[in-house]
Amino acid sequence: MLDIRFIRDNAGQVKAAAAAKKAPVDVEALLDMDRDRRRIIQEVEQLKASRNQASRDVARLKAQDGPEREGKLGLSAALITREIGDKIRKLDGELRTIEEKLEQALLAVPNVADPSVPEGNDETGNVVDRTIGDENVFDFTPRPHWELGEKLGIIDFERGVKVSGTRFYMLRGAGARLQRALIAWMLDVHTRERGYSEVYPPYIVTGKCLVGTGQLPKFADNLYHDAEEDLWLIPTAEVPVTNMYRDEVLEANDLTLKHVAYTPCFRREKMSAGKDTRGIKRGHQFDKVELVKFCLPEKSNEELEILVEDACSIPRKLGLRYRVVRLCTGDLTFASMKTYDVEVWSPGCKEWLEVSSCSNFGDFQARRANIRFRRDPKARPEYLHTLNGSGLALPRTLIAVLENYQNPDGTVAVPEALRPYMGMDVIR
RNA sequence: GGAAGCGUGGCCGAGUGGUCGAAGGCGGCGGUCUUGAAAACCGCAGUGCCGCAAGGCACCAGGGGUUCGAAUCCUCUCGCUUCCGCCA
């Protein structure tokens, strides 16, 4: 959420950012509501001040003159203040209404891009920052993972669909084990080498959390939720982990705070038929190891660069070819100020797979979730900055491993780093 | 899920409907004293909003209500504790 005061002072910038993100935002309407709101506040607070004064008068007279005069004095004061009270009640009602409307409207305003983000309309405007690693040379035609998976009996598409419908699959045997190995290994890398502290969060959260990170109210369509209660399946660990510190004031000394969490992710998205239909690239349920950071406002862009490197350490250690893409203004998500995607090359599908999306949210989420810090014990609380990125998303990492490490006979070598976790060298 | 009790400032803990933003204690900060520290004593200390400012308003889990006036009375919601039931 943006500060209404920021919007007041930077209306043009906010309009431009909303247009770039294709979010219909009526900035003028916001400013009108803000003006009305402040007018009513001034009016009602003046009335409250006079009511308080009258109340104090009654109290004082009663104390001075004793109970015998209470009737007279009390009555005259009562006549005045009852009228004021009615007005106050009426104005308070108006104020509540307009504040709710303004709040709802503000929750629909997207974050403003950082100045370093390239201009652009859509993903074609993204900029490849760097590509690391060489393309694997195969002396045979590499197979896509769905062929490998079925041949090896480690991905069972039919039974996943039988149990849960389209876009679900089951991993079996070495496939399930490979995913588990990747999860355990990635958690170990981030905790042991990158300084993250591991968290096991709930996979179901209240709506408030989703408002905090920015999925609600705008993107309810993409979420699974309990029909009777305000409980929602998480679309990413970002939601519970960022909201851990909701309504808290942290100490500056504890920043930057870094957490890593493994969770499944649930996304309802009504995906266009025919897009990414083959394989396990896109489903309603997938696993992900997520990195979340809380830091000082002036450090967040620096922290973003480090976060990207933390994510990149995984494909690097796996010996996968990867690249870092800088998203343009038009491809940024609703809450993001600046985002880098990390993509790995999959020779079977012949495409770059997005395995991580690392974003700096500035104080956008911190404001929504009310996460603050104190520079020193006497200072006023300030909003901190939040960041997160995948480290990494499992199915796509699994795809890249299968396709890059495949042998001519359809077996798959286990990457060196994973062998201790897999207990085997080759999946056959 | 049922019953009972409880939710006050960073923490503990008072608070007969009327100058209560709230006693007292601990902790914190700044002094005095001390070679230094401790102790003792004195003082300062919440958050948000409106306002150029002076200042004002709000906040005693959260919402609604009664009242001229609510931390205090009523009501609903949430959370915690204990007992019972159920359960991996």
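Predicted model, so just to flag it, every value in this text is computed and none were measured. (Residues numbered from 1 in each chain as written. Chains lettered and ligands numbered in written order. Predicted model: local features only at pLDDT ≥ 70, side-chain atom pairs only at ≥ 80, totals over all residues. Heavy atoms only, no water.)

Novice: Lay out the nonpolar core with the relevant residues and their values.
Specialist: One finds Leu178, Leu182 and Ile427 to be the most contacted residues of the largest nonpolar core, which totals 53 residues. Among residues more than four places away in sequence, those in contact with leucine 182 are Leu318, Leu394, Thr397, Leu398 and Leu418. Counting 29 residues, the second largest nonpolar core, distinct from the first, contains Val14, Val27, Ile98 and Leu107. (Core = buried A, V, L, I, M, F, W, Y, C linked by side-chain atoms within 4.5 Å. Buried < 20%, exposed > 50% of the residue type's maximum accessible area, 1.4 Å probe, protein only. Contact = heavy atoms within 4.5 Å.)

Novice: Tell me what's going on with the domain arrangement of chain A, and back it up with residues and numbers.
Specialist: Often, the extent of an interface is quoted as the loss of accessible area on bringing the components together. Split by domain assignment, chain A resolves into domain 1 (4–107) and domain 2 (123–427). Computed over C-alpha atoms, the centres of domain 1 and domain 2 are 45 Å apart. Taken together, the contacts link seven residues of domain 1 with 11 residues of domain 2. Across the interface of domain 1 and domain 2, roughly 620 Å² is buried in total on both sides, 54% from carbon and sulfur atoms. Summed over the three residues of domain 1 that lose the most area to domain 2, namely Ala20, Lys21 and Leu107, the buried surface amounts to 78% of that side. Where domain 1 meets domain 2, there are zero salt bridges. (Domains from an automatic or database assignment. Buried area = accessible area lost by both parts, 1.4 Å probe. Salt bridge = Lys/Arg side-chain N within 4 Å of Asp/Glu carboxyl O.)

Novice: Break down the sheet that holds strand β7 (residues 248–251) for me, citing the residues and quoting the values.
Specialist: Read across the open sheet, the three strands follow the order β7-β13-β14; overall the sheet is mixed. The outermost strands of the open sheet, each flanked by one partner alone, are β7 and β14 (382–383). (Pairing = 2+ DSSP bridges. Helix = DSSP H or I, 4+ residues; strand = E, 2+ residues; numbered from the N terminus.)

Novice: Describe a negative patch on the surface, naming the residues involved and giving the relevant values.
Specialist: Side chains of Asp226, Glu228, Glu229 and Asp230 sit close together on the surface and give a patch of like negative charge. Its place among the elements puts glutamate 228 in the loop between α8 (207–213) and β6 (231–233). (Patch = residues over 30% accessible without salt bridge, like charges linked within 9 Å, V, L, I, M, F, W, Y side chains within 5 Å. Areas by Shrake-Rupley, 256 points an atom, 1.4 Å probe, with all protein chains shown as cover. Lys, Arg positive; Asp, Glu negative; His and termini not counted. Charge placed at Lys NZ, Arg CZ, Asp CG, Glu CD.)

Novice: Give a detailed account of helix α10 (residues 300–318), specifying residues and quantitative values.
Specialist: In a regular helix each residue adds 1.5 Å, so 19 residues correspond to 27 Å; α10 covers 28 Å between its end C-alpha atoms and thus fits that length. Helix geometry: α10 is bent most strongly at cysteine 312, by close to 30°, with proline proline 315 lying one to four residues after it. (Expected span 1.5 Å × (residues − 1). Bend = angle between axes of the 7 residues up to and from the residue.)

Novice: Kindly report on the protein's contact with RNA strand B, identifying the contributing residues and their values.
Specialist: Near RNA strand B, the surroundings consist of 25 residues, among which Arg38, Glu45, Ala59, Thr81 and Arg82 are the closest. For RNA strand B, the backbone portion of the atoms within 4 Å of the protein, that is sugar and phosphate, comes to 78%. At 3.4 Å from a sugar or linking oxygen of RNA strand B is found a side-chain nitrogen or oxygen belonging to glutamine 42. If you list the elements that add at least two residues to the surface near RNA strand B, you get α3 (27–65), α4 (70–107) and β13 (371–374). For the surface near RNA strand B, the leading source of residues is α3, giving 15 residues. Residues of the surface near RNA strand B, tallied by class, amount to six nonpolar, four polar and 15 charged. (Near = heavy atom within 4 Å. Polar contact = N/O pair within 3.5 Å; in protein donor to acceptor, adjacent residues only side chain to side chain. Nonpolar A, V, L, I, M, F, W, Y, C, P; charged D, E, K, R; others polar.)

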